[in-house]
Amino acid sequence: MVSIISRSAWGARPPRSRSTTTWSRRVEVTVHYSQGPTTQTPRQIQDYHMDSNGWADIGYNFLVDNQGNAYEGRGWLVIGAHAAPRNTEGIGVCFIGRDGDATSAAKRTIRALYDDANHRAGRTLAQKGHRDINPTSCPGDDLYAWVKSGMPVDGEPPPDTPPWPGVYLRYPPITRHSSVTTWQSRMRYRGWRITVDGAYGPKSKNVCVQFQREKRLLVDGIVGPQTWRATWEAPITP
Ligand SMILES: [Zn+2]
């Protein structure tokens, strides 16, 4: 359960109006970034949304800062203003900061909010970045790759859908498989400079070789079972 800083605790203004939805209509969690400094407060964001945008309240359902604190925005079931036309379907969670600012503490809290939402909905909600819905760079390349790789957190076991038996990620030839996206996203999350494009080509192989050297694994540039497992080993310092 995530500990959430209530509206009264962060000095929220009352909403001008509000409309609610139900858990049965919630189908996704949509991650955003504020694209401002990490020192921005929820109240500053609320003032901007209400006074400059003319909205009824802060647009997001929740906000998370880079210390990992969660703040109540509109809350679980009030319809937000963050990713029209999917505000009824989606719970908007905003990271306070710019691309690359999200710490592992922030990601852990976003993931915890997502897990909490699934628990409350009684089913698995989709994981989305704002750019899945509208033409925007939000929530930035780093958070987006993290969201699309399943919002991994430190010390978690690897996903139970590895590429084997039968498929290793190798080059040549270029491997194209959904697990390539998963592996690239995870490597990016670990701090490696790697493009998440779902194609295991020469650049992915190069990152793999460096990773295998660092982990003192057999250095062959092929993501087999051992390298795959090592990719999910703690500690991770993004
Ligand atoms: Zn956004």
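Residues numbered from 1 in each chain as written. Predicted model: local features only at pLDDT ≥ 70, side-chain atom pairs only at ≥ 80, totals over all residues. Heavy atoms only, no water.

A. Structural detail: the coordination of the zinc ion. For the zinc ion, the full set of protein donor atoms is His32 (ND1), His130 (ND1) and Cys138 (SG), and the range of their distances to it is 2.1 to 2.3 Å. Spacing between the donor residues of the zinc ion along the chain follows H-x97-H-x7-C. Cys138 shares its class with His130; the two are buried. (Donors = N, O, S within 2.8 Å, 3.2 Å for Na, K, Ca; no water. Buried < 20%, exposed > 50% of the residue type's maximum accessible area, 1.4 Å probe, protein only.)

B. Molecular detail of the packing of aromatic side chains. By the definition in use, this model includes five aromatic pairs. Taking the centre distance of 5.8 Å and the plane angle of 45° together, the rings of Trp23 and Trp76 count as tilted. With Trp23 in the loop between helix H1 (7–10) and strand S2 (28–33) and Trp76 in the loop between strand S4 (70–72) and strand S5 (90–95), this pair connects stretches of sequence that are 53 residues apart. Trp76 shares its class with Trp23; the two are buried. When the ring centre of Tyr144 is taken as reference, the NZ or CZ atom of Arg131 above it lies at 4.6 Å. (Phe/Tyr/Trp six-rings, centres within 6.5 Å; stacked < 30°, edge-to-face > 60°. Helix = DSSP H or I, 4+ residues; strand = E, 2+ residues; numbered from the N terminus. Lys NZ or Arg CZ within 6 Å of the ring centre and 35° of its normal.)

C. Spotlight on the UniProt feature "domain: N-acetylmuramoyl-L-alanine amidase" (unreviewed entry) in the protein chain. In the numbering used here, UniProt assigns the "domain: N-acetylmuramoyl-L-alanine amidase" (unreviewed entry) feature to residues 12–140. The span residues 12–140 shows a helical share of 22% and a strand share of 17%, and its end C-alpha atoms are spaced 27 Å apart. (UniProt positions renumbered as here; feature names shortened; annotations may be inferred.)

D. Broad picture of the domain arrangement of the protein chain. Each assigned domain of the protein chain is listed here: domain 1 (4–148) and domain 2 (155–238). Taken over C-alpha atoms, the centre of domain 1 sits 30 Å from the centre of domain 2. Taken together, the contact between domain 1 and domain 2 spans seven residues of the former and six residues of the latter. Summing both sides of the interface, domain 1 and domain 2 together bury roughly 540 Å²; the carbon and sulfur share of this comes to 51%. The largest share of the area that domain 1 buries against domain 2 comes from Ser104, Arg111 and Ala145, three residues that together contribute 52% of it. At the boundary of domain 1 and domain 2, one finds zero salt bridges. Inspection of the domain 1/domain 2 interface yields zero residue pairs in polar contact (both at pLDDT 80 or more). For the side of domain 1 that touches domain 2, the elements supplying multiple residues, two or more each, are helix H3 (104–121) and helix H4 (141–148). (Domains from an automatic or database assignment. Contact = heavy atoms within 4.5 Å. Buried area = accessible area lost by both parts, 1.4 Å probe. Salt bridge = Lys/Arg side-chain N within 4 Å of Asp/Glu carboxyl O. Polar contact = N/O pair within 3.5 Å; in protein donor to acceptor, adjacent residues only side chain to side chain.)

E. Structural context of the environment of Val207. Mapping Val207 onto the fold places it in helix H6 (residues 202–214). Judged by its relative accessible area of 6%, Val207 is buried. Considering only alpha carbons, one finds Val207 and Ile194, 13 residues apart in sequence, at a separation of 7.3 Å. When near neighbours in sequence (up to four residues on either side) are disregarded, Val207 contacts Met187, Trp192, Arg193 and Ile194.

F. Spotlight on the pattern of salt bridges. Following the criterion strictly, the structure yields twelve salt bridges and no others. Across the salt bridge formed by Asp141 and Arg131, the nearest N and O atoms sit 3.0 Å from each other. With Asp141 in helix H4 and Arg131 in the loop between strand S6 (126–129) and H4, this pair connects stretches of sequence that are ten residues apart. Within the structure, one salt-bridge network assembled from shared partners comprises Arg13, Arg16, Arg43, Asp47 and Asp51.

G. Layout of the side chain of Ser149. In this structure, Ser149 sits in the loop between H4 and strand S7 (175–176). Using a relative accessible area of 18% as the deciding quantity, one classes Ser149 as buried. Looking at Ser149, its side chain comes within polar contact range of the main-chain oxygen of Trp146, at 2.9 Å.

H. Structural detail: the environment of Gln210. Position of Gln210 relative to the elements: it lies in helix H6. By relative accessible area, Gln210 is classed as partly exposed at 35%. Between the C-alpha atom of Gln210 and that of Gly221, which follows or precedes it by eleven residues, the distance is 8.4 Å.

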